[in-house]
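# Examining the three-dimensional arrangement
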Amino acid sequence: MTGIYFIYSGNMKVHKHWGQDKELIIRFAGAGDIVGHRGIGADLVYPVSATALEPVTVCYFDLEFFQNTLQVNTNILYELMMFYANELQESERRMRNLAHMSVKGVSPPRCSTSKKFGSENGFIKFPLSRQDIASYTGTTYETAWRMLQELAKEGMISLEDKRYAILQHEALRAFILQQESGE
Amino acid sequence: MKLTRKACHTDTCLVCRLCQPAWKPAIDAHKEFRPQKGELLFSKAIP
């Protein structure tokens, strides 16, 4: 990486490709988030891509400036350290979930509950393709779609075109916790 | 850009009066990008 990006507005996906058509979405990033930060370290090669999911405005600073900032500003350094710690926790949780949880429990609900996306009349603010949900949950398009349909049939979520809304927050949260605890 | 902690009074202030002249060129050098839907911001970035 040669620099770091701060998102002013819009949503992006940070994803990794391998082969012709295999993709894993590592995370979604929205207004106020940073992307490119994982490229800081001994190995400056950051083998992932970032793509806009809607019109996005980002501010870019080169790495030298960012590193100089960290050297003199302890507040930013502390905040970044906490941010990395949270990211690591989330990454570990996600790795465990991808390996052990059922597809249904992994992420379609998470995608919708994520505060990142914001909501509009209960629906996430922008259309999220089923393929993106599949790539985020580490499953196929067909499986992701079937799980979303099941959740909709159970009345937990609502599907409208490519928009999703949570209808039963508590029930869904309980379901996710149950899945995470392996009960 | 040469920066030292000794040059900064507050240590935690990014643009205090002493630092500002040193930081300003770098701050002004930031770039703004406006990728559209589906556009790549970066791809397998290699320095």
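Residues numbered from 1 in each chain as written. Chains lettered and ligands numbered in written order. Predicted model: local features only at pLDDT ≥ 70, side-chain atom pairs only at ≥ 80, totals over all residues. Heavy atoms only, no water.

### Describing the sheet that holds strand 4 (residues 34-35) of chain A
Across the sheet, four strands lie side by side as 4(A)-1(A)-6(A)-1(B); this open sheet has antiparallel pairing. In this open sheet, the two strands that pair with only one neighbour each are strand 4 of chain A together with strand 1 (31-33) of chain B. The pairing of strand 1 (residues 3-9) of chain A with strand 6 (residues 57-62) of chain A spans six bridges and is antiparallel. By the bridge assignment for strand 6 of chain A, I7(A) is matched with V58(A). Along the sheet face, helix 1 (residues 63-72) of chain A touches strand 1 and strand 6 of chain A and points at about 75° away from the line of strand 6 of chain A. (Pairing = 2+ DSSP bridges. Helix = DSSP H or I, 4+ residues; strand = E, 2+ residues; numbered from the N terminus. Contact = heavy atoms within 4.5 Å. Axes fitted to C-alpha atoms, helices over the stretch in contact; angles between N-to-C directions.)

### Some details on the packing of aromatic side chains
The final tally for this structure, using the stated rule, is nine aromatic pairs over all chains. Summarising the aromatic geometry, the rings of Y60(A) and F33(B) are spaced 6.0 Å apart at their centres and angled 65° between planes, so their arrangement reads as edge-to-face. On the criterion of chain membership, the pair formed by Y60(A) in strand 6 and F33(B) in strand 1 is interchain, its members lying in two chains. Here Y60(A) falls in the buried class, since its relative accessible area comes to 10%. In this arrangement the basic side chain of R130(A) is found over the ring face of W145(A), its NZ or CZ atom lying 3.7 Å from the centre. (Phe/Tyr/Trp six-rings, centres within 6.5 Å; stacked < 30°, edge-to-face > 60°. Buried < 20%, exposed > 50% of the residue type's maximum accessible area, 1.4 Å probe, protein only. Lys NZ or Arg CZ within 6 Å of the ring centre and 35° of its normal.)

### So, the interface of chain A and chain B
Residue-level contacts link 35 residues of chain A with 28 residues of chain B. Interface area for chain A against chain B, summed over the two sides, is near 2,800 Å², with a carbon-plus-sulfur share of 64%. When the buried area of chain A at its contact with chain B is split by residue, Y60(A), F65(A) and V72(A) rank highest and sum to 20% of it. Our enumeration of links across chain A and chain B arrives at nine residue pairs in polar contact (both at pLDDT 80 or more). At the level of elements, strand 1, strand 2 (12-18), strand 5 (46-52), strand 6, helix 1 and helix 2 (74-100) of chain A are the ones that each hand at least two residues to the side of chain A that touches chain B. For the side of chain A that touches chain B, the leading source of residues is strand 5 of chain A, giving seven residues. Class assignment for the residues of the side of chain A that touches chain B results in 21 nonpolar, 13 polar and one charged. (Buried area = accessible area lost by both parts, 1.4 Å probe. Polar contact = N/O pair within 3.5 Å; in protein donor to acceptor, adjacent residues only side chain to side chain. Nonpolar A, V, L, I, M, F, W, Y, C, P; charged D, E, K, R; others polar.)

### Some words on the side chain of N11(A)
Along the polypeptide, N11(A) turns up in the loop between strand 1 and strand 2. Reaching out from N11(A), the side chain makes a polar contact with the side chain of E54(A) at a distance of 2.8 Å.

### Remarks on the packing of helix 1 of chain A against helix 2 of chain A
Residues and elements named next belong to chain A. Packing of helix 1 against helix 2 brings their axes to within 5 Å, and their N-to-C directions diverge by 105°. Accordingly, the angle class assigned to the pair helix 1 and helix 2 is roughly perpendicular. Facing helix 1, whose interface residues are F66, T69, L70 and V72, helix 2 presents T74, I76, L77 and L80. For the contact of helix 1 with helix 2, the residue count by class is six nonpolar, two polar and no charged. (Parallel < 35°, antiparallel > 145°, perpendicular 65-115°, else oblique.)

### A closer look at the environment of K22(A)
Residues and elements named next belong to chain A. Within the fold, K22 resides in strand 3 (residues 22-29). Taking C-alpha positions, K22 is 8.2 Å from S135, a pair spaced 113 residues apart along the chain. For K22, the contacting residues outside a window of four places in its chain are K16 and H17.

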